[in-house]
Amino acid sequence: MSDFRNSHSIPATADMSVDAGLRSFMLGVYNKVALGLLVSAALAWVTGSYPPVRDLLFSTAVFPDGVTRLTGMTLLGMIVAFSPLVVLLGSNFVMKNPTAGTAGGLYWLIVALIGASMGTVVLVYTGASVIQTFLITAAAFGALSLFGYTTKKDLTGFGSFLIMGVIGLIIASVVNIFLQNSMMQLIISVLGVLIFAGLTAYDTQRLKMTYYALGGDRNAMGVATSYGALSLYINFINMFQFLLMLFGGRR
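Residues numbered from 1 in each chain as written. Predicted model: local features only at pLDDT ≥ 70, side-chain atom pairs only at ≥ 80, totals over all residues. Heavy atoms only, no water.

A. Region of the structure containing unusual backbone geometry. Unlike most non-glycine residues, Gln180 shows phi in positive territory, near 55°. Looking at the secondary structure, you find Gln180 in the loop between helix H8 (156-179) and helix H9 (182-214). Residue classification places Gln180 among the exposed residues on the basis of a relative accessible area of 62%. (Helix = DSSP H or I, 4+ residues; strand = E, 2+ residues; numbered from the N terminus. Buried < 20%, exposed > 50% of the residue type's maximum accessible area, 1.4 Å probe, protein only.)

Here you go:
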């Protein structure tokens, strides 16, 4: 993803009028995000609800109230959960000059891995709270993306600050795996929602500026569509998960 974020300089000024090419480009990004979320939801349902698959990834137990709940993760489940981060980091070194095809393959691989690992959502939270939180996330995501698309304020500096915030968030989350501090988890969840909300606006503006910078290069457009969809997809998933931690009703 570093190639998408950094390899194309952003023009100091751009024609902010909406043209057919820009509409087509952004529609391609959002269609890919929507389809990615649909695939992730289907995979999460399978890995969280279908016992033969569920038991490969997660440890569960039937509690006295008759509800099957998550009690841990198998080795395979842990590998699947951490694979998206490993794949993303590895792609920065391996995919120096990506094509539209390889960028698309990376997108769907990440979507599949994240979707499979999100069976935990099905096992931990009630169906009603998952649906409610998804709708809230979708509404917030749409509003933030619209703001990033329409604002004339340059969000580049703001985005750089938020990316540093993501690094801090990852470190804090890893530390809290060992500490298991509820107050720290609350702070991480609140900051996570705010950081990925800001990144949604930033990445949308970045995509718009990238469209102008690419100058009609079809292969570069294909790469940017997949990388842009990946950025927005990850923002959505993270906002959704942090909101669930804050407001989701547990099984």
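Now that the structure has been shown, we can carry on.
B. Quick look at the packing of aromatic side chains. Summed over all chains, the structure comprises eight aromatic pairs. Note on Tyr107 and Trp108: the rings are 4.9 Å apart at their centroids and 75° apart in plane angle, and the pair reads as edge-to-face. Taking the relative accessible area as the measure of exposure, Tyr107 reaches 0% and is therefore buried. An aromatic cluster is present here, built from Phe134, Phe141, Phe236 and Phe240 joined pairwise through their rings. Stacked on the ring of Tyr149, the Lys or Arg Lys208 has its end atom at 4.4 Å from the ring centre. (Phe/Tyr/Trp six-rings, centres within 6.5 Å; stacked < 30°, edge-to-face > 60°. Lys NZ or Arg CZ within 6 Å of the ring centre and 35° of its normal.)

C. How the structure looks around a nonpolar patch on the surface. Judged by side-chain polarity, Leu85, Leu89, Ile170, Val174, Ile177 and Phe178 come together as a nonpolar surface patch covering roughly 590 Å² of accessible area. For the nonpolar patch, the elements supplying multiple residues, two or more each, are helix H4 (75-94) and H8. Among the elements that make up the nonpolar patch, the one with the highest residue count is H8 (four residues). For Val174, the location among the structural elements is in helix H8. (Patch = residues over 30% accessible without salt bridge, like charges linked within 9 Å, V, L, I, M, F, W, Y side chains within 5 Å. Areas by Shrake-Rupley, 256 points an atom, 1.4 Å probe, with all protein chains shown as cover. Salt bridge = Lys/Arg side-chain N within 4 Å of Asp/Glu carboxyl O.)

D. Layout of the pattern of salt bridges. A full pass over the atoms with the stated rule returns two salt bridges. The residue Arg54 makes a salt bridge to Asp55 at a minimum N-O spacing of 3.2 Å. For Arg54, a relative accessible area of 14% puts it in the buried group. Relative accessible area serves as the criterion here: at 42%, Asp55 is assigned to the partly exposed category. Residue Asp65 is joined to Arg69 by a salt bridge in which the shortest nitrogen-to-oxygen separation is 2.6 Å.

E. Molecular detail of the environment of Thr68. For Thr68, the position within the fold is in strand E2 (residues 68-73). Here the alpha-carbon distance between Thr68 and Ser49, two residues 19 residues apart in the chain, equals 9.6 Å. Beyond its immediate stretch of four places on either side in the chain, Thr68 contacts Arg54, Thr60, Ala61, Val62, Leu123 and Arg251. (Contact = heavy atoms within 4.5 Å.)

F. Summary view of the nonpolar core. Counting 55 residues, the largest nonpolar core has Phe25 and Tyr233 as its most contacted members. Listing elements by their share of this core, those giving two or more residues are helix H2 (20-49), helix H5 (100-117), helix H6 (119-124), helix H7 (127-150), H8, H9 and helix H10 (218-247). Ranked by residue count, the leading element in this core is H10, at 17 residues. Setting aside residues no more than four positions away along its own chain, Tyr233 makes contact with Val33, Gly36, Leu37, Ser40, Tyr107, Val111, Ile114 and Gly115. Within the second largest apolar cluster, five residues are counted, among which are Leu57, Val80, Ala116 and Leu123. (Core = buried A, V, L, I, M, F, W, Y, C linked by side-chain atoms within 4.5 Å.)

G. Geometry of the side chain of Ser226. In this structure, Ser226 sits in helix H10. For Ser226, the contacting residues outside a window of four places in its chain are Lys32, Ala100, Ala103, Gly104 and Tyr107.

H. Region of the structure containing the confidence of the model for the protein chain. Taken as a whole, the protein chain shows an average pLDDT of 90; of its residues, 93% reach a score of 70 or greater. The low-confidence segment residues 1-17, where pLDDT is below 50, has 42 contacts with residues more than four positions distant or belonging to other chains. (pLDDT = per-residue confidence, 0-100.)

I. Molecular detail of the packing of H5 against H10. In contact at an axis separation of 7 Å, H5 and H10 are set at 15° when each is read in the N-to-C sense. Between H5 and H10, the angle falls in the class roughly parallel. Handedness of the H5/H10 crossing: left-handed. Residues Ala100, Ala103, Gly104, Leu106, Tyr107, Ile110, Val111, Ile114 and Gly115 of H5 pack against Asn219, Gly222, Val223, Ser226, Tyr227, Ala229, Leu230, Tyr233 and Ile237 of H10. Split by residue class, the contact of H5 with H10 holds 13 nonpolar, five polar and no charged. (Axes fitted to C-alpha atoms, helices over the stretch in contact; angles between N-to-C directions. Parallel < 35°, antiparallel > 145°, perpendicular 65-115°, else oblique. Left-handed = near helix turned anticlockwise from the far one by under 90°. Nonpolar A, V, L, I, M, F, W, Y, C, P; charged D, E, K, R; others polar.)

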